[in-house]
Amino acid sequence: MALQCGIVGLPNVGKSTLFNCLSSGKAQSANFPFCTIEPNVGVISVPDERLASLAELVRPQKVVPTTVEIVDIAGLVKGASKGEGLGNKFLANIRETDAIIHVLRCFEDDNIVHVDGRVDPVRDKEIIDAELQIKDLETVESRIARVQKQAQTGGDKNAGMQFGVLSRLRDALVKGQSARSVSFDTKDERQFARELFLLTAKPVLYVCNVDESCASTGNPMVEAVRAAVRDENAEILVLAAKLESEIAEFESYEERSMFLTEIGLPESGVNRLIKSAYKLLSLETFLTAGPQEVRAWTYSRGSKAPQCAGVIHSDFEKGFIRAEVIKFEDYIAYGSEAGVREAGKLGVEGKDYVVQDGDIMHFRFNV
């Protein structure tokens, strides 16, 4: 599933440094605005400790993690919705992503210029929010102009529904609220709202980029961001991008683990970010385990067994018969598929089974 998270923020907040930590592809990082012009794309493996546990038992020829794409998008400035800076390019690039990782600078450093002259992460957040909201308002108002007459005549019920959705979105955007803050009651309303592809409807993860001394504790700027996004139903992650770049330089897992222990972090911020981005996209993982490979597969939360079979191959979904399901904890407890079978813990599920994160699946099909 080629789903993407776009890293956004004002210039010089640490976006490209963070991207370089995430990806083997190295984005240019420099102390001036618009260092990133064309978006950099990295395919990032999603850390999953369950794969290593299964591999110890199965001893496969290879282990294949699942992935998510991270896109480093050009820094935005005030006026982007009117084409300032690289505004038009920024807005086009972000529209193509499925979720937003919004990096906020929460550290002071006289050697790194701030595009507005003073560090204030809440103001920075509001600048980007406002630019995206202005662009969304233009989209909504143009659609309203098309459906309003149809809705008012009453001859087209669908136009009436659309006008109601658009009106609610317009009211929110005019108040400086993002589209994702508006909820809808019916399936048709939700579907129409999704089809508008509004920028502020995308799920968002705020990443507070702090200095090394605050990597585990945060700081007053982080708390100000928490207060500002309290009603947004958004996630917040605190990390030190400069520190993460040092962690990324270690070649072995053991060296990284020792360094993390020394600085008092249970897990790298990059790992936490990738996991959070994955969840932000409403994605989960099912597993397959055999002598050839142990593999993680991405599916959308709430998918049923045939849909997940189709993730492996379309023929699996077309000819789906049943799914044999082992819970990850049972596989580890009994040591093998045979052990699970003997213990009577292997489940046989039909087409209505909703797959759970961490399920170990074996699909039966016939085409």
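Structure shown above.
Residues numbered from 1 in each chain as written. Predicted model: local features only at pLDDT ≥ 70, side-chain atom pairs only at ≥ 80, totals over all residues. Heavy atoms only, no water.

Enquirer: Looking at this structure, I do not really get helix α11 (residues 305-312). What am I missing?
Expert: Three- or four-residue spacings in an α-helix give side chains the same orientation, since the helix completes a turn every 3.6 residues. Among the residues of α11, those classed as buried are Ala305, Pro306, Cys308 and Ala309. Angular distribution of buried residues about the axis of α11 spans 160°; they occupy a single face of the element. Packing partners of the buried residues in α11 comprise β8 (283-289), β9 (293-300), α12 (314-318), β10 (320-326) and β12 (360-365). (Buried < 20%, exposed > 50% of the residue type's maximum accessible area, 1.4 Å probe, protein only. Helix = DSSP H or I, 4+ residues; strand = E, 2+ residues; numbered from the N terminus. Arc of directions from axis to C-beta. Contact = heavy atoms within 4.5 Å.)

Enquirer: What is the right way to read the nonpolar core from this model?
Expert: Soluble globular proteins: nonpolar side chains tend toward being buried together. Among the nonpolar cores identified, the biggest contains 57 residues, and Leu22, Ile70, Ile101, Val207 and Leu273 are the most heavily contacted of them. A total of six residues in this core trace back to one element, the largest contributor, which is helix α10 (residues 269-280). Ranked by size, the runner-up nonpolar core spans 17 residues in total, among them Leu137, Leu166, Ala179 and Phe192. (Core = buried A, V, L, I, M, F, W, Y, C linked by side-chain atoms within 4.5 Å.)

Enquirer: How should the pairing of β9 be read in this particular structure?
Expert: Side chains on a regular strand alternate between the two faces of the sheet. With six of eight residues buried, β9 is to be regarded as a mostly interior element. Pairing of strand β3 (residues 62-64) with β9 involves three bridges; the strand directions are parallel. Residue pairing across strands places Val64 opposite Arg295, the latter belonging to β9. Bridging between β8 and β9 involves seven bridges; their strand directions are antiparallel. Its bridge partner lying in β9, Thr288 is registered against Arg295. Linkage of β8 to β9, two consecutive antiparallel strands, is achieved through a turn of three residues. (Pairing = 2+ DSSP bridges.)

Enquirer: What is the right way to read empty space enclosed by the protein from this model?
Expert: If a probe as big as a water molecule is rolled over the atoms, it shows which places are left empty. Summed over the entire model, instances satisfying the criterion amount to two cavities of 30 Å³ or more. For the largest cavity, the calculated volume is near 70 Å³. Around the largest cavity, the lining residues are Val8, Ile100, His102, Ile128, Asp129, Leu132, Ser178, Arg180, Leu199, Thr200 and Val204. Put simply, the parts of the chain that give the lining of the largest cavity at least two residues each are β5 (99-105) and α4 (121-153). Here the lining of the largest cavity is built from residues that sort into six nonpolar, three polar and two charged. (1 Å grid on protein atoms, 1.4 Å probe; cavity = no way out; pocket = protein on both sides within 12 Å on 5 of 7 lines; lining within 4 Å. Points joined across faces, edges and corners; volume = space filled by probe spheres on them. Nonpolar A, V, L, I, M, F, W, Y, C, P; charged D, E, K, R; others polar.)

Enquirer: Got a minute to help me understand helix α5 (residues 157-174) in this structure?
Expert: The terminal C-alpha atoms of α5 lie 26 Å apart, and with 18 residues this matches the ideal 26 Å at 1.5 Å per residue to within 8%. Regarding α5, the residues found buried are Ala159, Met161, Gln162, Val165, Leu166, Ser167, Leu169, Ala172 and Leu173. Count one or two residues on from α5 and you reach Gly176, which has phi positive near 80°. (Expected span 1.5 Å × (residues − 1).)

Enquirer: Got a minute to help me understand the environment of Glu267 in this structure?
Expert: Structurally, Glu267 can be placed in the loop between α9 (253-263) and α10. For the pair Glu267 and Arg256, spaced eleven residues apart in sequence, the C-alpha to C-alpha distance is 9.5 Å. Every residue in contact with Glu267, bar those within four places of it in the chain, is listed here: Glu49, Leu260, Arg272 and Lys275. Here the side chain of Glu267 touches Lys275 through a polar contact of 2.8 Å, side chain to side chain. (Polar contact = N/O pair within 3.5 Å; in protein donor to acceptor, adjacent residues only side chain to side chain.)

Enquirer: Would you mind showing me how to read unusual backbone geometry here?
Expert: In most cases, non-glycine residues show a negative phi, while peptide bonds are predominantly trans. For Asn12, which is not a glycine, the phi torsion comes out positive at approximately 65°. Note on placement: Asn12 falls in the loop between β1 (4-8) and α1 (15-22). What makes Asn12 buried here is its relative accessible area of 15%. In this structure, Phe197 takes a positive phi of about 50° despite not being glycine.

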